[in-house]
Amino acid sequence: MSHSWSARALFISIGLAAGQAIGSATDALSAVQVLREGGCGGVVPATRALRHEGGLDAVAQRWAEGMPLAAAAERGGYPALATAGLHVSATDSGVLEVLRRSSCRTVTGPELRALGVYRRGIDSWLVVTADYRSASVPATASLIAPTIPWSPAPAPLETPRPPAARNPPPAAFPASEALQLVNDVRSHGTRCGARTFAPAPPLALSGTLANVALGHAADMAEHDYFEHRDLNGQSPADRVRAVGYREKVVGENIAYGPKSVEEVVQGWLDSPGHCENIMDPRFAEMGIANAAGRSGRHGLYWVQVLAEPQA
């Protein structure tokens with residue numbers, strides 16, 4: 001390797017998961033519910049799902065058609081000061097990631113009680129409202145993302161510039177490149193330490209697992225630690241379940257230091273435990289993400305989550 005780095009692997013065999021599944025979060029409405037009930041992939045406290053109200057759908061449509069949000073809210077019978085909106089431009093498969101990176105704390109606010117959405121093409125207008133007795137919620141924002149499915153990096157925000165974040169999102173992340181590298185090895189088989197693995201079926205990218213991977217990478221980067229179990233005591237399986245993913249098996253590879261997808265994947269393949277995770281034929285899906293350290297360490301933290309969903 002061109003420079004030193006650290007990595008750890010964890011495989012967890014899981015039976016049937018307890019609790020009710022949330023779903024696959026394939027649109028803006030379900031993405032908000034996943035983020036709330038999963039605490040943004042375990043980064044913030046989980047909170048109750050929001051009620052979907054047709055009246056707020058109408059508010060979102062009027063806003064999309066050019067009416068100011070405050071006026072649209074008042075016309076729909078909602079107090080303007082308790083109403084906020086988000087305009088997201090992303091495919092169904094990418095909207096979860098955009099909200100997770102750019103507006104997760106907004107949509108997971110415990111004061112919120114209901115939401116509505118209006119969709120036109122790849123654009124979604126989300127309107128949320130707080131309890132009328134609470135303080136006003138954040139103002140409107142626009143979030144623009146690439147239209148490529150599962151792309152984990154949104155384009156620049158089109159919002160008034162806030163104070164600089166302590167841990168801003170990383171640059172564009174080539175998840176499809178990581179998938180190709182992993183599937184190339186799985187298609188041919190390889191040797192992991194003393195074990196030889198036959199060819200395995202290809203993995204598919206999962207936006208839900210990528211969301212979990214990003215949450216853990218960002219948390220490690222923000223709080224300067226390097227463990228599979230996070231500071232709340234949650235394991236990889238706990239984080240996967242928290243976003244509604246019903247799993248049979250879960251594994252996780254983490255690394256600190258690699259500067260590219262090629263380097264981190266090759267480093268995992270050179271390590272028997274990580275390599276065995278990548279080659280395990282039981283896994284069917286993966287998510288991968290990185291985050292730049294902002295505390296004592298300044299390199300990239302990498303997380304790969306592998307899983308087999310229940311049928």
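Look up a bit, the structure's there.
Starting from 1, residues in each chain are numbered consecutively following that chain's sequence as written. Totals for whole chains, interfaces and linings use all residues, but because this is a predicted model, local features are given only for residues with pLDDT of at least 70 and pairs of side-chain atoms are given and counted only at 80 or more. Heavy atoms throughout the structure, all of them, feed into the side-chain values; hydrogens and water do not.

Draft legend 1. Quick look at the state of the cysteines. For the purposes of this analysis, a disulfide is any pair of cysteine sulfur atoms at a distance within 2.5 Å. The final tally for this structure, using the stated rule, is one disulfide. A sulfur-sulfur separation of 2.0 Å characterises the disulfide bridge that pairs C192 with C275. Taking the sign of the torsion about the S-S bond as the criterion, the disulfide between C192 and C275, at about -60 degrees, is left-handed. With a gap of 83 residues between them, C192 in strand β7 (residues 190-192) and C275 in helix α10 (residues 272-279) connect regions that are remote in the sequence. For the pair C192 and C275, one class covers both residues: buried. Where helices and strands are cited, they refer to DSSP runs of H or I of at least four residues and of E of at least two residues respectively, numbered from the N terminus. Classification of residues uses two cut-offs on accessible area relative to the type maximum, computed with a 1.4 Å probe and protein chains only: under 20% is buried, over 50% is exposed, and between them is partly exposed.

Draft legend 2. Seen up close, the packing of helix α9 (residues 261-270) against α10. Only the stretch in contact is used when fitting a helix axis, every axis being a line fitted to C-alpha atoms; angles between N-to-C directions are given from 0 to 180 degrees. Viewed as axis vectors pointing N to C, α9 and α10 meet at an angle of 105 degrees, and their least axial separation amounts to 5 Å. Overall, the two elements α9 and α10 adopt an arrangement that is roughly perpendicular. Of the residues in α10, those in contact with W268, L269 and D270 of α9 are P272, H274, C275 and I278. Residue type decides the class: Asp, Glu, Lys and Arg count as charged, Ala, Val, Leu, Ile, Met, Phe, Trp, Tyr, Cys and Pro as nonpolar, and the leftover types, Gly among them, as polar. In terms of residue class, the contact of α9 with α10 is made up of five nonpolar, one polar and one charged. Here is the rule for angles: anything less than 35 degrees is roughly parallel, anything more than 145 is roughly antiparallel, 65 through 115 is roughly perpendicular, and the remaining ranges are oblique. Residue contacts follow a heavy-atom distance rule, with two residues in contact if any of their heavy atoms lie within 4.5 Å.

Draft legend 3. Looking closely at helix α2 (residues 54-64). Residues of α2 that are buried include every one of L56, D57, V59, A60, W63 and A64, and no others. Buried positions in α2, seen along its axis, are confined to an arc of 160 degrees and lie on one side of it. A positive phi of about 115 degrees marks G66, the residue just after α2. By definition, the arc is the one covered by directions from the helix axis to the C-beta atoms.

Draft legend 4. Representation of the pairing of strand β11 (residues 285-292). By the criterion of burial, β11 is predominantly enclosed, with seven of the eight residues buried. At least two DSSP bridges between two strands are required for those strands to pair. For β11 and strand β12 (residues 300-309), the ladder comprises eight bridges, and the chain directions are antiparallel. Within the sheet, the bridge partner assigned to A291 lies in β12 and is Y301.

Draft legend 5. Layout of the side chain of R239. With respect to the secondary-structure elements, R239 resides in helix α8 (residues 236-242). Distance and chemistry together define a polar contact, namely a pair of N or O atoms within 3.5 Å, with one atom able to donate a hydrogen and the other to accept it when in protein, and with adjacent residues in sequence counting only for side-chain atoms on both sides. At 2.9 Å, the side chain of R239 forms a polar contact with the backbone oxygen of Q234.

Draft legend 6. Summary view of the side chain of R36. As for its placement among the helices and strands, R36 is situated in helix α1 (residues 28-42). Here R36 sits buried without a salt bridge, and the closest side chain of opposite charge, E111, lies 6.9 Å off (N-O distance). In terms of polar contacts, R36 uses its side chain to reach the backbone carbonyl oxygen of V107, at 2.8 Å. Once you skip the residues sitting within four places of it in the chain, R36 turns out to touch A46, T47, R48, A49, L50, V107, T108, G109 and L112. Positive: Lys, Arg. Negative: Asp, Glu. His and the chain ends are not part of the count. Any carboxyl oxygen of Asp or Glu that lies within 4 Å of a side-chain nitrogen of Lys or Arg is treated as forming a salt bridge with it.

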